[in-house]
Each structure stands twice: as structure tokens, then as C-alpha cells.
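Close look at the chain arrangement
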Amino acid sequence: MTENSRIVSDSVAPVKIVAAKGGAITNGHHPHLNGGSAVAPGDKKTAVPLLDGSHGAMHEPPDGGTRAWLVMVAAFLCNGVLFGVINTYSVIYLTLQKQLDEIGDKEASSKAALVGSLTIGTTFLLSPVSGILTDKIGLRRTTFIGGLLTCSGMLLSSFFTHSVTALYFTYGIMFGLGAALAYTPSLAILGHYFKRYLGFVNGIVTAGSSVFTAIMPLCLDYLVQHTGLANSFRILAIISSFVIFCALLYKPLQPPPPPPKIKPGRSAANNFFRSFINFDNWKKRRYIIWAVSIPIALFGYFVPYVHMGKFVKDNFPGKGENLPVMCIGITSGLGRLLFGFIADMPRVNRVLLQQMSFVLIGTLTMCLPATGSFPLLLAITLAMGLFDGCFISLLGPIAYDICGPRGATQAIGFLLGMCSLPLTLGPPVAGMLYDHTGSYRLPFILAGIPPLFGASTMFLIRCVKDDEPKKNAVAEPRPEPLAHNAWDCENQTEEGKPLNGGVVGGQVQLERRATLASAESLSGDRNETG
């Protein structure tokens, strides 16, 4: 039995309470959720499943509860550990660059930057694999494997601190692969537990990386200075093992996507790929435009994270080299909470919010070389972090808005995969420009242009509409409540219309509903009084 087939096994199970004798009323009340039933005392009750997960029935997200909040905390820690390590690479970068300079390597900056670029590039490049694995083996197993890889990659890196080539594999690729497998499920699991508060909860979870990014630079710098790079990697391996424990809480509440229908005339290769990839997402023009615009905007996104320490060292010697990155991390966390809350408000256009964030991130990045004082630099990085949080916190909610709950996992995974190339190329290109010019003026100005262009292309999303699903197509199932009342079980409806409708029938239905409601109320009172 796979993880996805055991839907809601450890949460409150939806049941029907059937009166076996002495009463004709059948209802869907759960005795502990709804405070009683309409079955007379002494009657035998038989519990049968109300919703069968194997048939693809979808449950209404609980929007709270002990397990839901535990899942949120686990996803918060998972995101914090993974991106705390990735975003504070500038500390490792300075040590590696110093080692390469000491042996006379003329490309020290670009080689040292490539390790961090491979990490974030691999994290995003292999995110589609994470989305596919999540649909096949479940959220929990995918995250667990990711935790093992991150921990192992960081531990192996501790034995190759003087070999940049080896670090390309252990730190860059191996840790990045583990981060890819663990990150996408950490966003996708939230849609199983939250609906009304999805934007705000996404903001809290993604704020985990901001909190860890604010704390880890000082801690990591202290570790490197006092224990050396090898021991620092071993301590990071222990911290990365937290992802393994977070995976144990990732219990899906929604069934996996149904297998695609095999149509005559399709080749075997076509059917094979359709068994892994959700092609319905790629039929949505709004998703295609969004998934192309985001990578365009991210060509210069990671450049300040990698090169900020060196920029401060060159332009403001004696000042805190890690303080600007910490400022980005702090306000990014606040931005994720703030804009996550705003995104849940009615009539708020989430795509427009994300466009605004890209415009401001690009503009502020281009302003970095013009800063003449360290306080002004800190002010710019504080603003950059605020809108960075806006951009990140909206990835999950926009994916759910465009592709729905069943397409969101792969929508997020493939989007992050397309982001891998620009995120990987940006910092090394900036490093090469710095090696040739000796200044960060040109690298930072060029890094600010792609976000402006990406924000412009996102306007096309407002100009297109996705085709309505055909009548013979498989429609997205509507979420079902965990329990029904007596009237709903006795009178099934189709798209909200009574099957035995009519004016006269409507009056009979109203009278019948009132009768059943009274019976349930009396039964509830009887149960309360003993």
C-alpha cells in the first residue's frame, strides 16, 4: 500500500452513521464532530466510509487543527534549513576564493562562485523530478530521500574542502538534488491542509528561509573562523538531517492525480511520458506565460546573495560583510508574512503583486553600485528583502490558482526546474565580469535588468484565457465535506440543482429539510441530556 492510498488514515475519518434498526433516518454526522446523530438511542450503528480516496474523492482542507499546524512548522524548518544553507554561501565563498587566490588561480572568483551556483541551480533544475516523484511515491518518501541526500552531501563535502572539483559534486550537485526533492513537497503539502489561509501559511513557511538566512551567516562565519571549513560542513550535515524528521509529518490528505486515459493511436512513448507528466498544466496558456516569465526575471536574482560579501569588502572595508545579506533575510521574512496575508484578501491580484515585486527588486539591484554610504546600502538591502519575500510567498498560491490542487505539485516543480538555468548562470557571469573589470558596477546593473523584463512579460497573463474543459473531459473534482447532514444524504444534487426539482417539489423539499433538521436537533438534545 502506497502513502498516497492511505488518505487521512491518522486524521478524523469521514463516516456515515447508518441506523440498522428502529429508525429510517440515515445521516452523515460523525458522532464526535457534530455532537450526535439522528439515530435513536439503543439502535445499532454501522460506520461505513463516506468518501473513498481510491476513487479520487477530494477532501475539504481542514484549515487548522493540530496536525495541520505541525505540518506547517515542519515545512517551515525544512525551508529554513535548505535555503539557510544556500543563501549563506557567501561565507563559504570567501573562504574558497581565498584558498584559490593563495595557489595563484586567476579565475578564483568564478570557480568559487560556481559551487554555490551549482547548488541552487541543481535545486531548481531537478525540481520537476521532485514533482513527478511526489505524484508517484508520495510527499513523505520524496522529502525523506531529499533529507538523506542533503545530509550525505554536506558530510562528504567535509572531506574535500581543498578540492573545488569535488565540491562541485558533493556540495553543488548532491546537496542541491536533496534540496530539490525536499523543497517542492514542502510547498505542495500546504494545499492539503489549508485553503482560506493558503497565502498566509505559505508566507510563514517560506519565511523559514529568511529566519535561517538572518541567523546563519554569523553562526557559520564563527564556525569557519574557529573550527575550520571541514568541521563547519559536518555541523551543517547535522542541521540538514532535520529535513529527515520533518518528512515524517508530511501526510497527504488529498488523493494522487488519476492516471491518464490511454487513447487509441498514441505511441508507447507518448503513453509512458503521460504516465509521469501532467500535460494538462501545459494546456493552460496562463501557466505557460507565468512559467516563462519567472525564469526570465531570475537571471540576476541570486547575484547579490553570492557577491554581496565581496562587494562590501571592496567598497566598505571594516564594515560587516554579512550584515547586508542578514538584512535581506530579515525583511524577506517580514515580506512573506505581510504579502502572504495580503494575497488572501478578496479581489487581490496575486500575479500583479508578484510583478510589482520584480520591478522593485530589479530597480534596487541596479542602485547597489551607486551607494555611497554603508547605511544607505543597508536601507536598499532591507527594501530588496521585503519584495523578495513578496515574490517567493506567492509561488505556491499562484500555482494553485492557475493549475488547481491536482496540478499544483508538478506546476511548482517544473517552474522551479525552468529557473535553474538563469540562477546557475547569473553568479558566475557576474564573477567573470568582476574579474575583468575589478568592479561590481556593471555586474549589478546587468543583474537588475531581467526582473524588469520578466515583470513586463507577465502582463500577457491578463490578455489570455484558458479554454474551458470539454464536457467529456475529466473535470476537477469538487472538495467534499468530511460529513453530510441527513438532508444531503437523502437528496443528492447535481451541480447544486435538486434532481427532483420543480416549484411544487421545491416546497416539499423545504418541508422535508425542516422535518429532518428538527429530528436531528431533538436527537442532539437527547444525547446532551443523557
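Notes on the structure in this doc start here. (Residues numbered from 1 in each chain as written. Predicted model: local features only at pLDDT ≥ 70, side-chain atom pairs only at ≥ 80, totals over all residues. Heavy atoms only, no water.)

A look at the overall build of the protein chain
Along the protein chain, the regular secondary structure elements total 22 helices and six strands. Buried positions account for 52% of the 530 residues belonging to the protein chain. In the protein chain, once contacts between residues fewer than 6 apart in sequence are set aside, the share between residues at least 24 apart is 83%. Put simply, the protein chain shows about 24000 Å² of open surface, and 65% of that area lies on carbon and sulfur atoms. (Helix = DSSP H or I, 4+ residues; strand = E, 2+ residues; numbered from the N terminus. Buried < 20%, exposed > 50% of the residue type's maximum accessible area, 1.4 Å probe, protein only. Contact = heavy atoms within 4.5 Å. Areas by Shrake-Rupley, 256 points an atom, 1.4 Å probe, with all protein chains shown as cover.)

Examining the packing of aromatic side chains
For the coordinates displayed, the defined rule picks out 22 aromatic pairs. Their ring planes at 70° and their centres at 5.7 Å tell us that Y301 and F391 sit as a pair that is edge-to-face. One end of the pair, Y301, is in the loop between α12 (285-297) and α13 (303-315); the other, F391, is in helix α16 (residues 374-393), with 90 residues separating them in the sequence. The buried category is assigned to Y301, whose relative accessible area is 15%. Among the residues examined, F391 registers a relative accessible area of 4% and is labelled buried. Here the aromatic cluster, defined as three or more aromatic residues joined through ring pairs, consists of F311, F316, F374, Y434, Y440 and F444. In this structure, K136 packs its charged tip against the face of F276, placed 5.1 Å from the ring centre. (Phe/Tyr/Trp six-rings, centres within 6.5 Å; stacked < 30°, edge-to-face > 60°. Lys NZ or Arg CZ within 6 Å of the ring centre and 35° of its normal.)

Here's the deal with helix α3 (residues 108-125)
For α3, spanning 18 residues, the distance from its first C-alpha to its last is 25 Å, which sits close to the expected 26 Å at 1.5 Å a residue. Counting buried residues along α3, 15 of its 18 residues qualify, which places the element largely inside the surrounding structure. (Expected span 1.5 Å × (residues − 1).)

Concerning the nonpolar core
Membership of the largest hydrophobic core comes to 118 residues, with the highest contact counts inside it found for I92, Y171, Y287, W290 and I294. Of all the elements, helix α17 (residues 395-418) adds the most residues to this core, at 12 residues. Contact partners of W290, with chain neighbours within four places excluded, come to Q354, L395, I398, A399, I402, L415, M458 and I461. (Core = buried A, V, L, I, M, F, W, Y, C linked by side-chain atoms within 4.5 Å.)

Here's the deal with a negative patch on the surface
Among the surface-exposed residues, D101, E102, E107 and D435 lie close enough to one another that they form a single negatively charged patch. With respect to the helices and strands, the residue E102 is situated in helix α2 (residues 89-102). A relative accessible area of 59% means that E102 is categorised as exposed. (Patch = residues over 30% accessible without salt bridge, like charges linked within 9 Å, V, L, I, M, F, W, Y side chains within 5 Å. Salt bridge = Lys/Arg side-chain N within 4 Å of Asp/Glu carboxyl O. Lys, Arg positive; Asp, Glu negative; His and termini not counted. Charge placed at Lys NZ, Arg CZ, Asp CG, Glu CD.)

Remarks on the environment of F212
Take F212: it is sitting in helix α8 (residues 198-227). For the pair formed by F212 and I330, sequence separation is 118 residues and the distance between their alpha carbons is 9.1 Å. Excluding residues that lie within four positions of it along the chain, F212 makes contacts with L77, G80, V81, G84 and P217.

Re unusual backbone geometry
Positive phi, normally seen in glycine, also occurs at R347, with a value near 65°. Mapping R347 onto the fold places it in the loop between α14 (323-343) and α15 (350-367).

What about the packing of helix α5 (residues 139-157) against helix α9 (residues 229-240)?
Where α5 contacts α9, the axes come no closer than 7 Å and their chain directions differ by 170°. For the element pair α5 / α9, the angle class is roughly antiparallel. For the pair α5 and α9, contact is made by G147, T150, C151, M154, L155 and S157 and by F233, R234, L236, A237 and S240, respectively. By residue class, the composition of the contact of α5 with α9 is six nonpolar, four polar and one charged. (Axes fitted to C-alpha atoms, helices over the stretch in contact; angles between N-to-C directions. Parallel < 35°, antiparallel > 145°, perpendicular 65-115°, else oblique. Nonpolar A, V, L, I, M, F, W, Y, C, P; charged D, E, K, R; others polar.)

Considering the pattern of salt bridges
Within the structure shown, the criterion is met by five salt bridges. Linking K283 and D280 is a salt bridge whose minimum nitrogen-to-oxygen distance equals 3.7 Å. The salt bridge partner of D401 is R350, with a shortest N-O separation of 2.9 Å. Linking D401 in helix α17 with R350 in helix α15, this pair joins segments that are 51 residues apart in sequence.

Observations regarding a nonpolar patch on the surface
On the surface, F144, L148, F242, F245 and L248 cluster together into a nonpolar patch covering about 490 Å² of accessible area. Sorting the residues of the nonpolar patch by element identifies α5 and α10 (242-247) as the ones contributing at least two each.

Topic: the packing of α14 against α15
Put simply, α14 and α15 touch, their axes get as near as 10 Å, and they point 150° apart. One finds that α14 runs roughly antiparallel with respect to α15. Where α14 crosses over α15, the two elements pack in a sense that is right-handed. Judged by residue contacts, F339, I342 and A343 of α14 engage R350, L353 and M356 from α15. Across the contact of α14 with α15, the residue classes break down as five nonpolar, no polar and one charged. (Left-handed = near helix turned anticlockwise from the far one by under 90°.)

A closer look at α15
With 18 residues, α15 should reach 26 Å at 1.5 Å per residue; the first-to-last C-alpha distance of 26 Å fits that figure. Looking at α15, one finds that the buried residues are R350, V351, L353, Q354, Q355, S357, F358, I361, G362, L364 and T365. Two or three places before V351, at the start of α15, stands the capping residue N349, its side-chain oxygen 3.0 Å from that residue's backbone nitrogen. (Polar contact = N/O pair within 3.5 Å; in protein donor to acceptor, adjacent residues only side chain to side chain.)

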